[in-house]
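# Tertiary structure, described
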Amino acid sequence: MDAVKPWRHVFKLDPERELDDEALEAVCMSSTDAIMVGGSSGVTYENTVDLMSRVRRYELPCVLEVSDLEAVVPGFDLYMIPMVLNTADSAWTTGRHRQAIERYSYLIPWETLVPEGYIVLNPDSTVAKLTGAETGLSPAAAEACAHVGSKLMKLPIIYVEYSGTFGDLELVEKVRRASGGARVFYGGGIHDAQTAAQAATVSDTIVVGNIIYENLTKALETVKAAHNQ
Ligand SMILES: CC(C)=CCC/C(C)=C/CC/C(C)=C/CC/C(C)=C/CC/C(C)=C/CC/C(C)=C/CC/C(C)=C/COP(=O)(O)OP(=O)(O)O
Ligand SMILES: O=P(O)(O)OC[C@@H](O)CO
Ligand SMILES: [Mg+2]
């Protein structure tokens, strides 16, 4: 998927969380490469429409990371579709996806869908609990997940997800080497320029979420740090 290839930095905005207009303007005018709208809980059709229409005032790409069947909103540039690679519960790999495809059927603009192979590694995160992810993977097992996603399933993105905590970057580097032509996204615990630069050296794209709501100044510093790597 060519559209995501140039992205080095992405801000992930959670529709469930409050962000005032001034903060949203700073985020959207920060030179980040895209805004991803998504969260693992509390995402509704209403709060997604609201956030999309506010982000749409700015010129950068605005994409929806679909986590709930009820919150698929038309009007985004792209639809990122997570498929969890390290769970035994197939609902989170293909199950919900099949239901969504049955529901939306011929309405689906296929060229705007971008599948992502998720490797979920923070056991304390909502997403890990929700999906029953096997978070205690050895580096070899994580590499095998990356091979499944990139070489067998031919997914364009492998997403190493440590949401809420800063991850093991040696493992991320191994995943990247195992991911062939897939883009490796890294997300989790990036909270300043230094952590952004470290994560950006071992991945293709870094995703910054929670710090936006905790310390906007620090969040904004991550953009330049990623682009300078
Ligand atoms: C009419 C029209 C325009 C239609 C559009 C077409 C379209 C997009 C149709 C849908 C097609 C489709 C295949 C949809 C998939 C449906 C679905 C619900 C799939 C399941 C996805 C999935 C595995 C969800 C599990 C949770 C997950 C991986 C979420 C990703 C985001 C994430 C990890 C956020 C982190 O959350 P956060 O709250 O920040 O952190 P915590 O987890 O720590 O709390
Ligand atoms: O919220 P943080 O910890 O920055 O994680 C970003 C993103 O990977 C969440 O899906
Ligand atoms: Mg979040």
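Residues numbered from 1 in each chain as written. Chains lettered and ligands numbered in written order. Predicted model: local features only at pLDDT ≥ 70, side-chain atom pairs only at ≥ 80, totals over all residues. Heavy atoms only, no water.

Attention now goes to the overall build of the chain. The secondary structure content of the chain amounts to 9 helices and 8 strands. A globule of 229 residues ought to have a C-alpha radius of gyration of about 17 Å, and the chain, at 16 Å, matches this closely. Considering only C-alpha atoms, the chain reaches an extent of 45 × 45 × 30 Å along its principal axes. Across the chain, the fraction of contacts at a sequence separation of at least 24, relative to all contacts at a separation of at least 6, is 70%. Accessible surface for the chain amounts to roughly 10600 Å². Of this, 51% is attributable to carbon and sulfur atoms. Measuring between centres, the 19 positive side-chain charges of the chain sit 6 Å from its 31 negative side-chain charges. (Helix = DSSP H or I, 4+ residues; strand = E, 2+ residues; numbered from the N terminus. Rg over C-alpha atoms; globule rule 2.2 N^0.38 Å. Contact = heavy atoms within 4.5 Å. Areas by Shrake-Rupley, 256 points an atom, 1.4 Å probe, with all protein chains shown as cover. Lys, Arg positive; Asp, Glu negative; His and termini not counted. Charge placed at Lys NZ, Arg CZ, Asp CG, Glu CD.)

Bringing the site of ligand 2 into the picture now. As a structural note, the neighbourhood of ligand 2 is formed by Lys12, Tyr159, Glu161, Ser163, Gly164, Gly187, Gly188, Gly189, Val207, Gly209 and Asn210. Between Glu161 and ligand 2, the recorded distance is 2.5 Å, taken from a side-chain N or O atom to an oxygen atom. A breakdown of the residues in the shell around ligand 2 according to their chemical character gives 2 nonpolar, 7 polar and 2 charged. (Near = heavy atom within 4 Å. Polar contact = N/O pair within 3.5 Å; in protein donor to acceptor, adjacent residues only side chain to side chain. Nonpolar A, V, L, I, M, F, W, Y, C, P; charged D, E, K, R; others polar.)

This paragraph deals with the pairing of strand 5 (residues 113-120). Most of strand 5 sits inside the fold, with 6 of its 8 residues counted as buried. The pairing of strand 4 (residues 78-84) with strand 5 spans 6 bridges and is classified as parallel. Bridge pairing in strand 5 places Val84 opposite Tyr118. Direction of pairing for strand 5 relative to strand 6 (residues 157-161): parallel, over a ladder of 5 bridges. Looking across to strand 6, one finds that Tyr118 is bridged to Tyr159. (Buried < 20%, exposed > 50% of the residue type's maximum accessible area, 1.4 Å probe, protein only. Pairing = 2+ DSSP bridges.)

Look at the UniProt record and you will see "binding site: sn-glycerol 1-phosphate" (unreviewed entry) annotated at Lys12, Tyr159, Val160, Glu161, Tyr162, Ser163, Gly164, Gly189, Gly209 and Asn210. Structurally, the position occupied by Glu161 is in strand 6. For Glu161, a relative accessible area of 8% puts it in the buried group. In this structure Glu161 touches Lys12, Tyr118, Ile119, Val120, Leu121, Asn122, Val127 and Gly187, once residues within four positions along its chain are discounted. (UniProt positions renumbered as here; feature names shortened; annotations may be inferred.)

Take helix 7 (residues 193-201) next. What helix 7 keeps buried is the set Thr195, Ala196, Ala197, Ala199 and Ala200. Looking at the buried residues of helix 7, the elements they touch are helix 6 (169-178), strand 7 (183-187), strand 8 (205-208) and helix 9 (216-227). A side-chain oxygen of the first residue of helix 7 lies 3.3 Å from the backbone nitrogen of Gln194; this N-cap is Asp192.

Turning to the site of ligand 1, a few remarks are in order. Within the structure, ligand 1 sits among 29 residues, and Ser40, Thr126, Val127, Glu161 and Ser163 are positioned closest to it. Against a free-state accessible area of 1100 Å², the protein chains account for coverage of 92% of ligand 1. Those elements that provide at least two residues to the shell around ligand 1 are strand 4, helix 3 (95-104), strand 5 and helix 4 (126-131). The class makeup of the residues in the shell around ligand 1 is 15 nonpolar, 8 polar and 6 charged.

This part covers the pattern of salt bridges. As enumerated under the stated definition, the model contains 7 salt bridges in all. Lys5 serves as the salt-bridge partner of Asp2, at 3.2 Å between the closest nitrogen and oxygen. Overall, the relative accessible area of 59% leaves Asp2 in the exposed class. Given the relative accessible area of 46%, Lys5 is considered partly exposed. (Salt bridge = Lys/Arg side-chain N within 4 Å of Asp/Glu carboxyl O.)

Moving on, we come to the packing of aromatic side chains. One pass over the full model with this rule turns up 6 aromatic pairs. Look at Phe76 and Tyr79: their rings are 6.0 Å apart centre to centre, the planes differ by 75°, and that puts the pair in the edge-to-face class. Each member of the pair, Phe76 together with Tyr79, is buried. In this structure an aromatic cluster arises from ring pairing among Trp7, Tyr118, Tyr159 and Phe185. (Phe/Tyr/Trp six-rings, centres within 6.5 Å; stacked < 30°, edge-to-face > 60°.)

Per the UniProt record, "binding site: Mg(2+)" (unreviewed entry) is annotated on Asp14 and Ser40. A maximum C-alpha distance of 8.8 Å among these annotated residues, which run over 27 residues, shows that they cluster at one spot. Assessed through its relative accessible area of 16%, Asp14 is described here as buried. In this structure, Asp14 is in contact with Gly38, Gly39, Leu51 and Tyr213, ignoring residues within four places of it in sequence. One polar contact links the side chain of Asp14 to the main-chain amide nitrogen of Glu16, over a distance of 2.9 Å. Within the secondary structure, Ser40 is located in the loop between strand 2 (34-37) and helix 2 (45-55). Apart from the residues within four sequence positions on either side, Ser40 is in contact with Thr126, Val127 and Leu130.

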